[in-house]
Amino acid sequence: MSFDYDLFVIGGGSGGVRAARLASSEAGAKVALAEEYRMGGTCVIRGCVPKKLMVFASGYTPAFEDARAYGWDVTSGAFDWSRFKTNLHAELTRLEGIYTRNLGNAGVEIFHTRAVVKDAHTVELANGQVFTAKHILVATGGRPFVPEFPGSDLAVTSNEMFLLDALPKKMLIVGGGFIACEFACIMNGLGVDVTQFYRGAQVLRGFDDEARGHVADQMTSGGVNLHVGTDVVSMKKTPDGIAVKSTTGHDDTYDVVMYATGRNPNTDGLGLAEAGVKLGRKGEVVVDDYSQTSVPSIYAVGDVTDRINLTPVAIREGAAFVETVFHGRPTKPDHDLVASAVFTQPELGTVGLTEEEAREREPIEVYSAAFRPMQTLFAGREDRVLMKLIVSRETRKVLGCHIVAPNAGEMIQLAAIAIKMGATKEDFDRTVAVHPTMSEELVTMKTPTRVA
Ligand code: NDP
């Protein structure tokens, strides 16, 4: 049977674009890709990239303050949101252009429209065009989820945060995950009066407990009004803004309320269930270790599969899919020891097991140091950083590393290489410190803080 394409990719985000490019340019496949919004997907258009640029923008406030202690005569002046927003969107448009050009240069045919699955080998575009493909790759990502309650339609999500007409004076952020904590710090840094509600006892559930506590303390001392054990009951539009009634009596009125209460896979109306593709409870595409769905010709990668929802993971899944299907080399994407960073102020970088997870599995030693770093100590700030290693008592391997510090994202990338290679605590100890740095603590912690 002959098909219009060897591969039809639905979704032009990190995973879909990587798979399409590799299949076309390296495997010589005839590839098409459909994207209904802007090329680049969540990461480039409304996620990692614009978020990180906002993190950079928000970092100037403390830097201006510290500069005075270092002898500089500086006045910070006002932050001009509209100038920043113009520059931000110019950058996103530039990146979108690069993504589109690279796909075109790789020989991928692009359809700037929505595509849905009709059957195991057929897709239909929104304009009615129908194409057949030997393989279909679903890489449609996810979208923010907002729970239903009275007034929930008044909430914005992270999608809208990059498009605000003006910075709010006062805002509420609901949620305690990556996105809520990152935006709380960003907006606080930009001078917005930020309140954050989290329904549980401590933000960043799933991360190392000590690290979560450390981040929460630093967020609070940095100026975020964090209320844990608190949720929204209802919201109402008033002449003064959005009046919020809470479960704990922290009722107030805000200019903007942002919900960051998780993300759902983008499978609604995609025709997947009708084509026989098994979906999970949240609507995620159920795949095997090779990203193959219950319909053998249909694969899925990235957030739509709800495995580890991070851009670099989606990219690896896309590449492994091409290895498996187009090069005949069955390849499982490696989901073990994936490092990540939460871009709070300060950042949290993490790889491997948390202390709590490790303790459940085997006897461990915990090495942990919290201290005031030189740069901000000099400026009179109370900031504290945390360096933490979890070590197996039996194999001596470092099972987990957790860093809360400025630029922890950069540090954890390097620690992750050693840990992925199976480094032991003694390997860390044999490494001579780089002085004076914060991360030298990782190779100089001699005595366990706890043994469990
Ligand atoms: P998360 O799943 O990380 O966090 C969701 C938060 O919302 C949790 O605190 C959760 O509470 C809370 N929540 C869920 N449902 C409700 C509800 N009905 N009412 C009140 N609170 C609720 O989602 P995010 O949206 O923050 O991020 C989505 C994913 O995006 C992340 O998991 C991550 O993979 C990715 N991401 C990665 C980033 C990075 O690498 N730096 C940055 C941003 C996103 P509870 O803990 O009680 O369940």
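Criteria and thresholds
- Residues numbered from 1 in each chain as written.
- Predicted model: local features only at pLDDT ≥ 70, side-chain atom pairs only at ≥ 80, totals over all residues.
- Heavy atoms only, no water.
- Core = buried A, V, L, I, M, F, W, Y, C linked by side-chain atoms within 4.5 Å.
- Buried < 20%, exposed > 50% of the residue type's maximum accessible area, 1.4 Å probe, protein only.
- Helix = DSSP H or I, 4+ residues; strand = E, 2+ residues; numbered from the N terminus.
- Arc of directions from axis to C-beta.
- Pairing = 2+ DSSP bridges.
- Right-handed = clockwise from strand over helix to strand, strands pointing away.
- Expected span 1.5 Å × (residues − 1).
- Polar contact = N/O pair within 3.5 Å; in protein donor to acceptor, adjacent residues only side chain to side chain.
- Salt bridge = Lys/Arg side-chain N within 4 Å of Asp/Glu carboxyl O.
- Phe/Tyr/Trp six-rings, centres within 6.5 Å; stacked < 30°, edge-to-face > 60°.

What follows is about the nonpolar core. Counting residues in each nonpolar core, the largest one holds 41 residues, and the members touching the most others are Met54, Met171 and Met187. Looking at this core, the elements that each hand over two or more residues are α3 (48–58), α5 (81–105), β8 (170–174), α7 (178–189), β9 (193–198), α8 (209–221), β14 (256–259) and β17 (340–342). Ranked by size, the runner-up nonpolar core spans 25 residues in total, among them Ala32, Phe111, Leu270 and Ala300.

Of all the residues in helix α4 (residues 60–69), the buried ones are Pro62, Asp66 and Ala67. Seen from one end, α4 has its buried residues packed into an arc of 145°, which puts them on one side. Taken from the residues just after α4, Gly71 is the one with a positive phi, measuring 95°.

For the rest of this paragraph, the subject is the pairing of β8. Judged by how many residues are buried, β8 sits mostly within the fold: four of five residues are covered. Across five bridges, the pairing between β8 and β9 is parallel. Within the sheet, the bridge partner assigned to Lys170 lies in β9 and is Asp193. Where the polypeptide runs from β8 across α7 and back to β9, its parallel neighbour, the crossover connection is right-handed.

What follows deals with α8. In this model, α8 (13 residues) spans 18 Å end to end at C-alpha, consistent with the 18 Å of a helix rising 1.5 Å per residue. Every buried residue of α8 is accounted for by Ala211, Arg212, Gly213, His214, Val215, Ala216, Gln218 and Met219. N-cap assignment for α8: the residue whose side-chain oxygen lies 3.1 Å from the backbone N of Glu210 is Asp208. Of the residues one or two after α8, Gly223 is the one with positive phi, at around 120°.

What follows is about the pattern of salt bridges. Across all of its chains, the model carries 27 salt bridges by this definition. Between Arg329 and Glu323 there is a salt bridge, with its nearest N and O atoms 2.6 Å apart. Judged by relative accessible area, Glu323 falls into the partly exposed class, the value being 24%. Each of the salt bridges in this network shares a partner with another, and the network as a whole consists of Asp208, Glu210, Glu355, Arg359, Lys388 and Arg450.

The strand order across the open sheet built from six strands is β17-β18-β21-β20-β19-β22, with neighbouring strands paired in antiparallel fashion. The strands lining the two open edges of the sheet, one partner per strand, are β17 and β22 (450–451). As paired elements, strand β19 (residues 364–371) and β22 share two bridges and run antiparallel to each other. Residue pairing for β22: Glu365 is matched across the bridge by Val451.

Attention shifts here to the packing of aromatic side chains. Taken as a whole and assessed by the stated rule, the structure comprises 14 aromatic pairs. Relative to Phe8, the ring of Tyr5 has its centre 6.0 Å away and its plane inclined at 75°; by these criteria the two rings are edge-to-face. Here Tyr5 and Phe8 have matching classes, each one buried. Relative to Phe111, the ring of Phe8 has its centre 6.1 Å away and its plane inclined at 10°; by these criteria the two rings are stacked. Here the residue Phe8 occupies a position in strand β1 (residues 5–10), and Phe111 occupies one in strand β3 (residues 109–111), the gap between them amounting to 103 residues.

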